[in-house]
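Coordinate analysis (summary)
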Amino acid sequence: MELWAALLCALVASLLGGLYLLGAFRSRRPNEPPLDKGVIPWLGYLLDFRKNSSEFLKKMRRKHGDIFTVLIGGYYFTFVMDPFCFGAIMKESRSKLDFRSFASKLVLQVFGYKPIQASQSTMHALSMKHLTGDGLSLLTKATMGNLQKLMFSKVSSGEEKRPWQEDNLFHYCYNIVFRAGYLALYGTESHRGVDNEEEANERDLVNSNQLFNEFRKYDRLFPCLAYAMLPPKDKLEAERLKRFFWSTLSVRRSCQKDNVSGWIRDQDQFLVENGVPEYMRDRFRFMLLWASQGNTGPTAFWLLLYLMKHPDAMRAVKEEVEKVLRENSHEVMAGSPPTDITKDMLNQTPLLDSALEETLRLVAAPLLVRAILQEMSLEMSNGTEYVLRQGDRVALFPHLSVQMDPEIHPEPHKFKYDRFVNPDGTKKDFYKDGKRLKYFNMPWGAGVSICPGRFFATTEIKLFVFLMLAHHDLELVDGKEEIPAIDVSRWGFGTMQPVHDVRFRYRRRF
Ligand code: HEM
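Criteria and thresholds
Residues numbered from 1 in each chain as written. Predicted model: local features only at pLDDT ≥ 70, side-chain atom pairs only at ≥ 80, totals over all residues. Heavy atoms only, no water. UniProt positions renumbered as here; feature names shortened; annotations may be inferred. Helix = DSSP H or I, 4+ residues; strand = E, 2+ residues; numbered from the N terminus. Rg over C-alpha atoms; globule rule 2.2 N^0.38 Å. Areas by Shrake-Rupley, 256 points an atom, 1.4 Å probe, with all protein chains shown as cover. Lys, Arg positive; Asp, Glu negative; His and termini not counted. Charge placed at Lys NZ, Arg CZ, Asp CG, Glu CD. Donors = N, O, S within 2.8 Å, 3.2 Å for Na, K, Ca; no water. Near = heavy atom within 4 Å. Polar contact = N/O pair within 3.5 Å; in protein donor to acceptor, adjacent residues only side chain to side chain. Nonpolar A, V, L, I, M, F, W, Y, C, P; charged D, E, K, R; others polar. Pairing = 2+ DSSP bridges. Phe/Tyr/Trp six-rings, centres within 6.5 Å; stacked < 30°, edge-to-face > 60°. Buried < 20%, exposed > 50% of the residue type's maximum accessible area, 1.4 Å probe, protein only. Lys NZ or Arg CZ within 6 Å of the ring centre and 35° of its normal. Contact = heavy atoms within 4.5 Å. Core = buried A, V, L, I, M, F, W, Y, C linked by side-chain atoms within 4.5 Å.

As recorded in an unreviewed UniProt entry, the chain goes by Cytochrome P450 family 8 subfamily B member 1 and comes from Cairina moschata. Among the UniProt annotations of the chain, the heading Cofactor (unreviewed entry) holds the following wording: "heme".

This is the structure in C-alpha cells:
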C-alpha cells in the first residue's frame, strides 16, 4: 500500500512539474497585459498563428485591445499594436530587449548558420558601408549591367522583330531581379579559363537561372521550415537544398569569381578574423542570399501588377519615367540600346517612389521580435503602463497595426500610387488620433535590426521597373483578371507572395 502511495505521489508530482513546464500555472500579474494561453498546453495558439497570423492577431486585438500576451509554441509573446509605443520598444537598450537571441535560433534552424557573439554591430556597419553611398553606386552600376543582359539579350529591334512575348509575371519579375542582384553581389564568372567574354556571360545566365530554380524550391518550403513543421519528405528536400546552396555559394567557389561585391568580401573577411570555420562561412553566404534576394523580386512583381491594374497610376509613372529620360538626354527611340539608368536619375522619381512605398505598405509584412532580458515597463499612448515579464518576447506586426489601419491610411486595401507624396513632390506626413506618427509604414523593420539593404533593394526594384516601362509595352493577358490573393501562410516573413501567378505579355516599344 505504501509503495502505491509513493508511486502515486511521484506520478502527481511529475504531472504537476510537466504542467508547470508547459506553462499551465502561469497567471496574469498586476499591471501585466491581458494573458491568453489558449486551451492546448505549451502549444497555446501555435496552430491558429501558423494558419493565418494576421487573422489571429486581428481576433486577439478585438478580444484584448492594443496589447496582449499569448502563448505560442512554448513562448509567451506580448504583441503591441499601438504605434505610438514602437519608438520606445525600438530604442530600448539591448540589455533589456534583445533582437539577437530570437534571430539566432531561426537562422540556425533554416540556414544551419550559428552566428558569432558580438558580430551584429560590425556586420551592420559593413552593410552600411557597402549598401549606401559609394558602395551603393558601384552596386547600382553592376545591377544595371546585369539587368540589361538578362532583359535584352534575346530581344532585337525592328518592327517585324517586335513580337509580343507571354510569361508568368511573378516568375518573370522574381527571376530577373533575383539574378541581377545575385550576380551584382556574389560576382560573375571569371573570364580567365574561358575563350571569350560571351562564353563567361552565357555561363552566368545559365548558372544564375539554375540557382534561382533551386532557390524557389527552398522558398516554398521556408514557412514550414521556420516553424519546424516540415513533413519528413520535405525535410529531406530542405536538407538537400541547403547542401546545394552551401556548396554553390561556397568560399572556395567564390575565389574563382570576378567582381565579388565588397559587401560579401568584407563580411567574410570579418568572419575569418574571428576564427569562423570555412563550412560556417559558406552557410553565412546562404543566409545573405536569402536576406538579399527573397523579397526584392516579389515586391517588383506586386508593383508592376498594381500599375497594370491601375491605368491612372501606370500613366503617371510612365510619364515620369519618360520625363526623366528626356531631361537626361536618354530618349528611347527605334533601335536604341537599353538605357543606362544612373543613381542620379533614380533620385528624380517621386511618383515611382510613392508607388513603391504603397506597394510595400500593402504586401510587406515582417514580424519584428525582441527577447525581454529584464523586466521592463511600457507606457501606451493612453497613459496606461504595463509590465513586460523577463523571459517573454515582445512582438510587432506593423502590417496590421499600422499599414492597414484605416485611420492612418484611408481605404487601406486600395492601391493609391500617390498616397505617400504631396503634389509638390515632397513626402506626406501621417497622423493617428490627431498626432503625427513616426512609424506609418514599416516594410524594413526598425531600430537595431532595420534592413541594411533597403537602399539597394529600392534601387534594384526601381531600375527594373524603370527599364520595363521605358522599353516595353506591357499588359495583362486577361485585363479583367483580379489581383490574386496573398498566400497567408507567409505572414511574418517579409514580402508576401500571391497564391497563383498572373499571365502577362510584353514587347519592345520601338
Ligand atoms: C524589398 C526588399 C526587402 C525587404 C522588404 C526587406 C526587409 C527586411 C526586414 C523587415 C528586416 C528586419 C527583420 C527583423 O527586424 O527581424 C531585414 C533584415 C535584413 N535585410 Fe532586408 N529586406 C529587403 C531587401 C534586402 C536586400 C536587397 C539586402 C541586401 C543586399 C537585405 C539585407 C538584409 C540583412 C543582412 C538583414 C539582417 C539585418 C540584421 O540581422 O541586423 N535586405 N530586411
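Alright, that's what it looks like, and here's the rest.
Within the chain one finds 19 helices and 15 strands. Rg of the C-alpha trace for the chain: 25 Å, near the compact-globule value of 24 Å for 510 residues, within the 12% margin. If you line up the chain on its principal axes, its C-alpha atoms span 95 × 55 × 40 Å. Approximately 23900 Å² of the chain is accessible, and the part contributed by carbon and sulfur atoms is 54%. In the chain, the 69 positive side-chain charges and the 62 negative ones have mean positions that sit 4 Å from each other.

Another point: the coordination of the iron atom of the ligand. What the protein offers the iron atom of the ligand as a donor is a single atom, Cys451 (SG), at 2.3 Å. Note that Cys451 resides in the loop between strand 13 (435-436) and helix 19 (454-471).

Every one of the 24 residues lining the ligand counts as a neighbour, but Arg100, Gln120, Ala291, Ser449 and Cys451 are closest to it. Between Arg100 and the ligand, the recorded distance is 2.8 Å, taken from a side-chain N or O atom to an oxygen atom. The side chain of Ser449 places a nitrogen or oxygen atom 2.6 Å from an oxygen atom of the ligand. For the shell around the ligand, the elements supplying multiple residues, two or more each, are helix 6 (120-131), helix 13 (278-293), helix 14 (296-309) and helix 19. Per-class residue counts for the shell around the ligand are twelve nonpolar, ten polar and two charged.

Further remarks concern the sheet that holds strand 2 (residues 67-72). One open sheet holds the six strands; their spatial order is 1-2-3-11-8-4, and the pairing between them is mixed. Each edge of the open sheet carries a strand with a single partner, namely strand 1 (35-36) and strand 4 (97-98). By the bridge criterion, four bridges tie strand 8 (residues 368-372) to strand 11 (residues 393-396) in an arrangement that is antiparallel. Along strand 11, the bridge assignment pairs Val369 with Ala395.

This next bit is on the packing of aromatic side chains. Using the criterion set out here, one finds 40 aromatic pairs in the structure. Ring centres of Phe178 and Tyr182 lie 6.3 Å apart, and the angle between their planes is 20°; this geometry places the pair in the stacked category. On the criterion of helical spacing, the pair formed by Phe178 and Tyr182 is a turn pair, its members being four residues apart in helix 8 (residues 169-186). Accessibility assignment for this pair places Phe178 and Tyr182 in one class, buried. Here Arg26 stacks its cationic end above the ring of Tyr76, 4.0 Å away from the centre of that ring. The ring of Trp246 carries the charged tip of Arg283 above its face, separated from the ring centre by 3.9 Å.

Okay, the UniProt feature "binding site: substrate" (unreviewed entry) in the chain next. The residues that UniProt annotates with the feature "binding site: substrate" (unreviewed entry) are Asn295 and Arg393. The named residues occupy 99 residues along the chain; their greatest pairwise C-alpha distance, 25.2 Å, places them well apart from one another. As for its position among the elements, Asn295 is in the loop between helix 13 and helix 14. Judged by its relative accessible area of 29%, Asn295 is partly exposed. Mapped onto the elements, Arg393 comes out in strand 11. Setting aside its immediate chain neighbours within four residues, Arg393 contacts Tyr75, Tyr76, Phe77, Thr78, Phe102, Lys105, Val369, Arg370, Ala371 and Ile372.

Ranked by internal contacts, the top residues of the largest apolar core, which has 101 residues, are Tyr218, Phe245, Leu304 and Phe464. Counting residues per element, this core draws most heavily on helix 8, which supplies 14 residues. With residues up to four places along the chain from it excluded, the contact list for Tyr218 reads Val110, Phe111, Leu225, Ala238, Leu241, Lys242, Phe245, Phe286 and Trp290. Counting 25 residues, the second largest nonpolar core, distinct from the first, contains Met90, Leu97, Val402 and Tyr439.

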